[in-house]
Amino acid sequence: AATMPAAMAPDELPEVFYASQTTLQVLQKKLKSSEDIDRRLIVRLEHPEDLDDDEVLVPVDMRAAGGEFDSVGQMLRVLGPNRSAQAFVKAQELFESRMDAEEQAQPTTAGALRAALEEAEDFDEEAEEDAIYGDAGLASDDASPSKLRRRV
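We now turn to the structure provided with this report.

The rules behind the values
- Residues numbered from 1 in each chain as written.
- Predicted model: local features only at pLDDT ≥ 70, side-chain atom pairs only at ≥ 80, totals over all residues.
- Heavy atoms only, no water.
- Salt bridge = Lys/Arg side-chain N within 4 Å of Asp/Glu carboxyl O.
- Buried < 20%, exposed > 50% of the residue type's maximum accessible area, 1.4 Å probe, protein only.
- Helix = DSSP H or I, 4+ residues; strand = E, 2+ residues; numbered from the N terminus.
- Contact = heavy atoms within 4.5 Å.
- Axes fitted to C-alpha atoms, helices over the stretch in contact; angles between N-to-C directions.
- Parallel < 35°, antiparallel > 145°, perpendicular 65-115°, else oblique.
- Lys, Arg positive; Asp, Glu negative; His and termini not counted.
- Polar contact = N/O pair within 3.5 Å; in protein donor to acceptor, adjacent residues only side chain to side chain.
- Pairing = 2+ DSSP bridges.

**A few points about the pattern of salt bridges**
A pair can form between side chains of opposite charge whenever their charged atoms are brought close. In total, this model carries three salt bridges according to the counting rule given. A salt bridge links Arg40 to Asp38, with the nearest nitrogen and oxygen atoms 2.6 Å apart. A relative accessible area of 60% places Arg40 in the exposed class. We note a salt bridge from Arg63 to Asp61, for which the minimum N-O separation is 2.4 Å.

Shown next, in the form of structure tokens:
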């Protein structure tokens, strides 16, 4: 796991978001040629589950977005498609400029990100069950919530 430099204050730490490299490239080209941005391109950035497994996702630093947004949808409502596209391009540039190559998050694929998110979700569910039910002195295969409920 990459570590952050000790000298960085918490507000200087990147807010990493993984975005489709292909979509970012399309946004950059459209912005350079002053074309209007289709809001569906921005929406695609929020849904890596809709991408092919081999789609490359690159890390971006969302501090460049110019505000705190709970979701890409909220950003789109507040900024509109063109300014949202500019924010993502700036976020990619900020991420690339701020971190040393060996310390920064690395590109990944949509499939790998989905797998990591599923694994993290499974871990969170197990931790939550442990916090709620504990092991109650039961063998691990007897400690599932459904088995505990049946015993009560």
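Resuming the write-up.
**Topic: the environment of Leu113**
If you trace the backbone, Leu113 turns up in helix α4 (residues 110–133). Here Leu113 falls in the buried class, since its relative accessible area comes to 15%. C-alpha of Leu113 to C-alpha of Leu57: the two residues are 56 residues apart in sequence and 8.4 Å apart in space. Ignoring any residue separated from it by four or fewer positions in sequence, one finds Leu113 in contact with Tyr18, Pro48, Leu57 and Thr108.

**A look at the packing of helix α2 (residues 39–46) against helix α3 (residues 72–98)**
The N-to-C vectors of α2 and α3 enclose an angle of 105°; their axes lie 9 Å apart at closest approach. Taken together, the axes of α2 and α3 lie roughly perpendicular to each other. Counting all contacts with α2, which are made through Arg39, Ile42, Val43, Leu45 and Glu46, the residues of α3 involved are Val72, Gly73, Leu76, Pro81, Ser84, Ala85 and Phe88.

**Thoughts on unusual backbone geometry**
Positive phi, normally seen in glycine, also occurs at Ser34, with a value near 60°. With respect to the helices, strands and loops of the structure, Ser34 is situated in the loop between α1 (21–32) and α2.

**Brief notes about the side chain of Glu55**
On the secondary structure map, Glu55 appears in the loop between α2 and β2 (56–61). Here Glu55 is buried and forms no salt bridge, its nearest opposite-charge partner Arg44 lying at an N-O distance of 5.2 Å. At 2.8 Å, the side chain of Glu55 forms a polar contact with the side chain of Ser20. Polar contacts involving the side chain of Glu55 include one to the side chain of Thr22, which spans 2.9 Å. With near-sequence residues (within four places) excluded, Glu55 lies in contact with Ser20, Gln21, Thr22, Thr108, Thr109 and Ala110.

**Quick look at the pairing of β2**
Burial analysis of β2 places five of its six residues in the buried class, the great majority of the element. Direction of pairing for strand β1 (residues 16–20) relative to β2: antiparallel, over a ladder of five bridges. Of the residues in β2, the one forming a bridge with Val16 is Asp61.

**Things to note about the sheet that holds β2**
Paired through backbone hydrogen bonds, the strands of a sheet run either parallel or antiparallel to each other. Spatial strand order, β1-β2-β3: three strands in an open sheet with antiparallel pairing. Two strands in the sheet have a free side with no partner beyond their single neighbour: β1 and β3 (108–109).

**Notes on the environment of Pro48**
As for its placement among the helices and strands, Pro48 is situated in the loop between α2 and β2. A sequence separation of 62 residues divides Pro48 from Ala110, and the C-alpha atoms of the two residues are 5.7 Å apart. Once residues lying within four places of it in the same chain are set aside, the contact partners of Pro48 are Leu57, Ala110, Leu113 and Arg114.

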